[in-house]
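Examining the three-dimensional arrangement
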Number of protein chains: 2
Amino acid sequence: MTDVPRSHPRYESLRTRDAIVAGVQKGITSPHGLIAHGRGEAYDYLLGEKSHDFALAAIDAAAHMLIHARHPVVSVNGNVAALVPDELVELADTLDAPLEVNIFHSSKEREEAIRQFLEEHGAKRLLMPSRDAELDFIDSNRKFVHPQGIYRADVIFVPLEDGDRCQALRKMGKAVVTVDLNPMSRTSRTASITIVDNVVRSLPLLIARIRELRASAPEQPGAEFDNARNLAAAERAIRAESR
Amino acid sequence: MTDVPRSHPRYESLRTRDAIVAGVQKGITSPHGLIAHGRGEAYDYLLGEKSHDFALAAIDAAAHMLIHARHPVVSVNGNVAALVPDELVELADTLDAPLEVNIFHSSKEREEAIRQFLEEHGAKRLLMPSRDAELDFIDSNRKFVHPQGIYRADVIFVPLEDGDRCQALRKMGKAVVTVDLNPMSRTSRTASITIVDNVVRSLPLLIARIRELRASAPEQPGAEFDNARNLAAAERAIRAESR
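A brief structural summary. Since this is a predicted model, take the numbers as computed values, not measurements. (Residues numbered from 1 in each chain as written. Chains lettered and ligands numbered in written order. Predicted model: local features only at pLDDT ≥ 70, side-chain atom pairs only at ≥ 80, totals over all residues. Heavy atoms only, no water.)

A few points about the overall build of chain A
Put simply, the rule is: Secondary structure is summarised from DSSP: a helix means a run of H or I of at least four residues, a strand means a run of E of at least two, and numbering begins at the N terminus for each. Each residue is assigned to one of three classes by its accessible area relative to the maximum for its type, calculated with a 1.4 Å probe on protein chains only: buried under 20%, partly exposed between the two thresholds, exposed over 50%. In this description, contact between two residues means that some pair of their heavy atoms is separated by no more than 4.5 Å. The charge count includes Lys and Arg as positive and Asp and Glu as negative, but it does not include His or the ends of the chains. A charge is said to be at NZ when it belongs to Lys, at CZ for Arg, at CG for Asp and at CD for Glu.
Counting its regular elements, chain A contains ten helices and eight strands. Expressed along its principal axes, the backbone C-alpha trace of chain A runs to roughly 50 × 45 × 35 Å. Relative to its 243 residues, chain A shows a buried fraction of 57%. Once local pairs closer than 6 in sequence are excluded, the contacts in chain A between residues at least 24 apart make up 65%. Counting 31 positive and 35 negative side-chain charges, chain A places the averaged centre of each group 2 Å from the other.

Below, the structure written as structure tokens:
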């Protein structure tokens, strides 16, 4: 852990950075994952490192969609596992959904390290990639999914997803909820709902919103949500002169 | 090396990414260096991945300053070494200046790995950190410099520098030329001349400009250069809606 006091203006960013570097040391995050994290840091900096209204609107829409899913699944890669293990377990519990490990640069050791790490954080239903089920429209190793998980899911929550797989899931008719700090990325533009926010800030907000809806108005439909319009608002925030 | 054809629109970015990941495998780049690289990627993407006029203006000013320096030094960290080893050696040769290894997260092994890597790429005058000379105004390990290198230099070319050290060098009255893709960073704002550009694109341009000036008009003063105004132009380019 970097020796930075809580009062430091960049404390949260530095704490998060240490978590992802620790992820590499634990064997759960890849070197390419660190570079992706750096890209996220830059976009978050341009966004003023806060959860904007467009993020809250996407979180609200995502909460409604996940509550009404028949077979929701939470897909986990090495970056997300390193950053928010407790929140992933909590979200899956709240939704009564399985967690499924699915990483971009495939490696059996890394998949196992992620599994073990999530189990240490209390994960109960944890699915691993399987050769028994394949996604269409994709050639890489990421096509292998679990038959009782992503393969049969109607709604997939998959933060920090890559563009190819997001596209393949959508083509198969599945709804995709993602978290991505770059509103211009292919994933952001392809997903059903894109939360343009730091996963560290937005996951607790999503969990809280799901609980709130469950407790008060589980059947009420959400507000109208237009992902493309929401992404345009996020891009304007990044490009705006003043934050 | 990623299996991406040269015709791929993101070929250069992916090739560069592979070079920096290879740097980690060779022990010359740190995990935190990968995150920094990712931040650079995001800013470069927003800049349209090209060398803008403000970068060319800074390169021209830097070439003039380096030509007229009495004791120029090229300071090298793990990211720059991994990305542009040949160009660093060429620049140092052209300027008849030493290369000096100076890394942010200090490690004797990594310093040695960088030294060896640069020597493989033809480096002749290569200075290592020494306990015999210290910079003022800085507490970290980065204060240790070589008495015949950074310590006595009047102009230091130090691409991808950190804010604290850049500030310390400036306070000691030294001129600093840096390369940084984030025009809002403390380094960018503190340096004498900031080239807001990808180091992979800008180093060959800087070497070519130095040679051109040497051959044609070595004594001619450069155009007026205002770093703050140049940085403002770079920030406008990043924030602009259209690229």
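Having put the structure on the table, let's press on.
Let's talk about the interface of chain B and chain A
Heads up, the condition is: Reported buried area values correspond to the accessible surface (1.4 Å probe) lost by two parts on association, with both partners' losses combined. Each salt bridge in this description consists of a side-chain nitrogen of Lys or Arg and a carboxyl oxygen of Asp or Glu lying within 4 Å of one another. Whenever two N or O atoms come within 3.5 Å, that pair is a polar contact, provided that in protein one can donate a hydrogen and the other can accept it, and provided that, for residues adjacent in sequence, both atoms are side-chain atoms.
Contacts between chain B and chain A engage 26 residues on the former and 24 residues on the latter. Between chain B and chain A, a total of about 2200 Å² is buried, with carbon and sulfur atoms accounting for 62% of that surface. Three residues, Ile35(B), Arg39(B) and Arg239(B), lead the burial of chain B against chain A; their summed loss comes to 29% of the area buried on that side. Taken together, the links from chain B to chain A amount to two salt bridges. Two residues, Glu41(A) and Arg39(B), come together in a salt bridge whose shortest N-O distance is 2.5 Å. Our count for the chain B to chain A interface comes out at six residue pairs in polar contact (both at pLDDT 80 or more). Elements represented by at least two residues in the side of chain B that touches chain A include exactly helix H1 (11–25), helix H2 (31–46) and helix H10 (227–239) of chain B.

Things to note about the packing of aromatic side chains
What counts here: Between 30 and 60 degrees the pair is tilted, below 30 it is stacked and above 60 it is edge-to-face, where a pair is any two Phe, Tyr or Trp rings, Trp via its six-membered ring, whose centres lie within 6.5 Å. Working rule: Lys NZ or Arg CZ, within 6 Å of ring centre, within 35 degrees of ring normal, means a charge sits over the ring.
On inspection of all chains with the given rule, the structure shows zero aromatic pairs over all chains. Seen from the ring of Phe144(A), Arg131(A) lies directly overhead, with NZ or CZ sitting 3.9 Å from the centre.

Quick look at the relation of the copies chain B and chain A
Rule in force here: Superposition of the copies used a least-squares fit over C-alpha atoms from residues whose pLDDT is at least 70 in both.
Overlay of chain B on chain A (RMSD 0.0 Å): rotation 180°, translation along the axis 0.0 Å. The transformation relating the two chain copies, once decomposed into turn and shift, fits a two-fold axis. With an isologous cut-off of 70% or more, the 92% of interface residues of chain B that recur at the interface of chain A puts this contact in the isologous class.

What to know about the pairing of strand S1 (residues 72–76) of chain A
All names here are of chain A. Cut-off, in case you're wondering: Being paired, for any two strands, means DSSP has found at least two bridges between them.
Extensive coverage of S1 is indicated by the burial of five of its five residues. For S1 and strand S6 (residues 155–157), the ladder comprises three bridges, and the chain directions are parallel. From the neighbouring strand, valine 74 faces S6, where its bridge partner is phenylalanine 157.

Here we look at the sheet that holds strand S6 (residues 155–157) of chain B
All names here are of chain B. Test applied: Every axis corresponds to a line fitted to the C-alpha atoms, with the helix fit spanning only the stretch in contact, and the corresponding angles, defined between N-to-C directions, vary from 0 to 180 degrees.
Across the sheet, six strands lie side by side as S3-S2-S1-S6-S7-S8; this open sheet has parallel pairing. Two strands bound the open sheet, and with one partner strand each, they are strand S3 (126–127) and strand S8 (193–195). Along the sheet, helix H5 (residues 85–95) makes contact with strand S1 (72–76), strand S2 (99–101) and S6, crossing S1 at roughly 170°. The strands touched by helix H7 (residues 163–171) are S1, S6 and strand S7 (175–179); relative to S7, the strand with the most contacts, the crossing angle is about 155°.

Things to note about the packing of helix H3 (residues 53–67) of chain B against helix H9 (residues 199–216) of chain B
All names here are of chain B. Rule in force here: Small angles under 35 degrees read as roughly parallel and large ones over 145 as roughly antiparallel, with 65 to 115 read as roughly perpendicular and the rest as oblique. Take the far helix as the reference: if the near one is turned anticlockwise from it by less than a right angle, the crossing is left-handed, and if turned clockwise, right-handed.
Where H3 contacts H9, the two axes come as close as 9 Å, and the packing angle between them is 50°. Looking at the two axes, H3 sits oblique to H9. The chirality of how H3 crosses H9 is right-handed. Touching Leu56, Ile59, Asp60, Ala62, Ala63, His64, Leu66 and Ile67 of H3 are Ser202, Leu205, Leu206, Arg209, Ile210, Leu213 and Arg214, all from H9.

Digging into the sheet that holds strand S8 (residues 193–195) of chain A
Residues and elements named next belong to chain A. The six strands lie next to each other as S3-S2-S1-S6-S7-S8, forming an open sheet whose pairing is parallel. Both outer strands of the open sheet, strand S3 (126–127) and S8, are each paired with one neighbouring strand and no more. Across the sheet, helix H3 (residues 53–67) touches S1, S6, strand S7 (175–179) and S8, and the angle it forms with S8 is around 135°.

Brief notes about H3(B)
Residue and element names in this part refer to chain B. Definition in use: In this analysis, the expected span of each helix is defined as 1.5 Å times one less than the number of residues it contains.
Over its 15 residues, H3 extends 21 Å from the first C-alpha to the last, a length consistent with the 21 Å expected when each residue adds 1.5 Å. Here H3 lies mainly inside the structure; eleven of its 15 residues are buried. Turning to H3, its buried residues number three or more, namely Phe54, Ala55, Ala58, Ile59, Asp60, Ala61, Ala62, Ala63, His64, Leu66 and Ile67.

Looking at the pattern of salt bridges
Under the counting rule described, the total for this entry stands at 30 salt bridges over all chains. Residues Arg165(B) and Glu161(B) are paired through a salt bridge, measuring 2.9 Å at the closest nitrogen-oxygen approach. Residue classification places Glu161(B) among the buried residues on the basis of a relative accessible area of 7%. Via salt bridges that share partners, Arg17(A), Glu41(A) and Arg39(B) belong to a single interconnected network.

Topic: the environment of Cys166(B)
Relative to the assigned elements, Cys166(B) resides in helix H7. Beyond its immediate chain neighbours, meaning those up to four positions away, Cys166(B) contacts Glu161(B), Val176(B), Thr187(B), Thr190(B) and Ala191(B).

Comments concerning the environment of Ala237(B)
Tracing the sequence through the fold places Ala237(B) in helix H10. In sequence terms Ala237(B) and Glu111(B) are 126 residues apart; their C-alpha atoms lie 36 Å from each other. Aside from chain neighbours lying at most four places away, what touches Ala237(B) is Arg239(A), Leu46(B), Leu47(B), His52(B) and Phe54(B).

Comments concerning the side chain of His52(B)
All names here are of chain B. Structurally, the position occupied by histidine 52 is in the loop between H2 and H3. The class for histidine 52 is buried, based on a relative accessible area of 16%. Residues contacting histidine 52, with those up to four places away along its chain left out, are Leu47 and Ala237.

Quick look at helix H5 (residues 85–95) of chain A
Among the residues of H5(A), those classed as buried are Pro85(A), Leu88(A), Val89(A), Leu91(A), Ala92(A), Thr94(A) and Leu95(A). One or two steps after H5(A), the chain reaches Asp96(A), where phi turns positive at roughly 55°.

Side note on the pairing of S7(A)
Residues and elements named next belong to chain A. We apply this condition: Handedness rule for crossovers: strands pointing away from the viewer, path from the first strand over the helix to the second running clockwise, crossover right-handed.
For S7, the buried fraction is high: five of the five residues fall into the buried class. A two-sided burial pattern is seen for S7, the buried positions comprising Ala175, Val177 and Val179 on one face and Val176 and Thr178 on the other. Sheet analysis places S6 next to S7, joined by three bridges and oriented parallel. Bridged to phenylalanine 157 within S7 is valine 177. Note on the crossover from S6 through helix H7 (residues 163–171) to S7: the handedness is right-handed. Relative to S8, S7 runs parallel, the two sharing three bridges.

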